[in-house]
Each structure stands twice: as structure tokens, then as C-alpha cells.
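Inside the fold
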Amino acid sequence: MRIVPRWALLSSGCAPVLMIAGWALAARLEGPSYDASAQTISVLAAHGAEGFWVMTAALLALGICHLLTAWGLRPAALPGRAALAAGGLSAFVVVLVPAPSSGGSLRHGSAVAVGFTLLAAWPVLATVRGGTAPWGLRPLPSILATALMCLGAAWFVYEVGQGGAPGIAERFVTSMQSLWPFVVVASCFRHAEDAAPAPSP
């Protein structure tokens, strides 16, 4: 089993922290006019938003984190690493085609949908069969992670259709997708430690 470099722990661990801190700070800058439960993260990154630069920086940092993690996650299957890297690149596309200050945008919505699909699919695509694989790369945890992300997306679509709380559903999915790479990397380190031979007395 190939070893994951230690910097992958940093890149994967920074992803959820930067993303959550980004939307929290951007929402604070936006003030009481922004409703985090009813409005999406994209509103914070729209042109003219008070926290535009914060949310844009967070998305760019998220993309860089995913690219670095995909590069360092050597034990994972190549299709999964490619999907994670492409998910990171999709964050750059989302920045290039931000949501308008009012109304919807087909280009922005398409970029978000592609990014979600890639980040939802990568756990399954990265699986390594066999009992010697790290926990985070085994089929069952990977399938459960992808299924949970898809359920979160379905929840988001439902909330949008009902005019409910799409912001909460979106934050759940985004948190899950930004956190899972760290879970996988951490499981690889744990696996390597367990497999290391005991020191001689």
C-alpha cells in the first residue's frame, strides 16, 4: 500500500475549516439581510454581496485543497482521485461564473451541479477492494458516504421546491463533501500505523 504524504492531512483538514469559516464570515459581513436557512451559499459569492471576496477566497482555497489531496491520496483508485481533483477544479469554475445578484443562472447552477456530482461520486470511484485497504477506501463506507451526499442533495432540491430551508440542506451537503477527504486520508494514516511492524525489543 502506497503511503499518503503528511501534507495531505493538512490539505484535506483545511478544506472543511476554510469552507465553513468562509460562509460564516461572509454571512456576518452580509448582515441581517442574509437568511442562512433560506438562502444558499452562492448568494454570498454573488457580485455585489458584502462578503463576496471572502466566499470567493474560500471557494478557491477549497479547490486547491481538493487538488492537493487528490494528488497525495496515493492508495486510492485513480478514477476516484481524478474525480476529487475535477471536483476541486469545479470550485474554480463556480468562482468564474458566480450567481447573479438576483434571480437564477443556468451556467452557475450547471457548474454547481457538476461539482456536486464529482464530489459525490469520488468516494465510490476511489474504493480499493480487499481486506487490506484503509477503512475510508473500503466499499461499504464509500457507498454510505456517497448515498448520504445524494440524500442531502435530494433534501436540498425538496427544500428549494417547497420554499423551505435550502440553505441548511446545502450546508449539510457541502460540509459532508469537504470533510470526507480528511476522513479518508486519516484512515490511510491509521491503517499505515496499524500495519507497521512493532519495534524490536
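It should be noted that the structure appears before, not after, this text.
What this report covers is the structure whose coordinates are included nearby. (Residues numbered from 1 in each chain as written. Predicted model: local features only at pLDDT ≥ 70, side-chain atom pairs only at ≥ 80, totals over all residues. Heavy atoms only, no water.)

**Notes on a nonpolar patch on the surface**
- A cluster of nonpolar residues, Leu148, Leu151, Trp155, Tyr158, Ile168 and Phe172, forms a patch on the protein surface that exposes about 570 Å² of accessible area.
- When residues of the nonpolar patch are traced back to their parent elements, those giving at least two are helix H6 (139-162) and helix H7 (166-195).
- Among the elements that take part in the nonpolar patch, H6 stands out by supplying four residues, more than any other.
- Structurally, Trp155 can be placed in helix H6. (Patch = residues over 30% accessible without salt bridge, like charges linked within 9 Å, V, L, I, M, F, W, Y side chains within 5 Å. Areas by Shrake-Rupley, 256 points an atom, 1.4 Å probe, with all protein chains shown as cover. Salt bridge = Lys/Arg side-chain N within 4 Å of Asp/Glu carboxyl O. Helix = DSSP H or I, 4+ residues; strand = E, 2+ residues; numbered from the N terminus.)

**A word on the environment of Met176**
- Position of Met176 among the secondary structure elements: in helix H7.
- Using a relative accessible area of 17% as the deciding quantity, one classes Met176 as buried.
- Spatially, the C-alpha atoms of Met176 and Leu29 are 24 Å apart, while their sequence positions differ by 147 residues.
- Setting aside residues no more than four positions away along its own chain, Met176 makes contact with Ala145, Leu148 and Met149. (Buried < 20%, exposed > 50% of the residue type's maximum accessible area, 1.4 Å probe, protein only. Contact = heavy atoms within 4.5 Å.)

**Concerning the side chain of Thr40**
- Structurally, Thr40 is set in the loop between helix H1 (7-30) and helix H2 (41-44).
- The buried category is assigned to Thr40, whose relative accessible area is 18%.
- Contact partners of Thr40, with chain neighbours within four places excluded, come to Tyr34, Phe156, Glu170 and Arg171.

**So, H1**
- For H1, with 24 residues, the first-to-last C-alpha span of 34 Å sits near the 34 Å given by 1.5 Å per residue.
- The largest bend in H1 is about 30°, located at Cys14, with the proline Pro16 one to four residues further on.
- Within two residues after H1, Gly31 carries a phi angle of roughly 90°, on the positive side. (Expected span 1.5 Å × (residues − 1). Bend = angle between axes of the 7 residues up to and from the residue.)

**Let's talk about the packing of aromatic side chains**
- The final tally for this structure, using the stated rule, is three aromatic pairs.
- Between Trp7 and Trp71, the ring centres sit 5.5 Å apart and the planes meet at 50°, which makes this aromatic pair tilted. In this pair, Trp7 sits in helix H1 while Trp71 sits in helix H3 (residues 52-72), placing the two residues 64 residues apart along the sequence.
- Over the aromatic face of Trp23 sits the side chain of Arg171, whose NZ or CZ is 5.4 Å from the ring centroid. (Phe/Tyr/Trp six-rings, centres within 6.5 Å; stacked < 30°, edge-to-face > 60°. Lys NZ or Arg CZ within 6 Å of the ring centre and 35° of its normal.)

**Observations regarding the packing of H1 against H3**
- Contact pair H1 / H3: the axes reach a minimum separation of 8 Å and the direction vectors enclose 165°. Between H1 and H3, the angle is such that the two are roughly antiparallel. Where H1 crosses over H3, the two elements pack in a sense that is left-handed.
- Residues of the contact of H1 with H3, tallied by class, amount to 20 nonpolar, six polar and no charged. (Axes fitted to C-alpha atoms, helices over the stretch in contact; angles between N-to-C directions. Parallel < 35°, antiparallel > 145°, perpendicular 65-115°, else oblique. Left-handed = near helix turned anticlockwise from the far one by under 90°. Nonpolar A, V, L, I, M, F, W, Y, C, P; charged D, E, K, R; others polar.)

Note that all results are geometric; they support no functional claim without further evidence.
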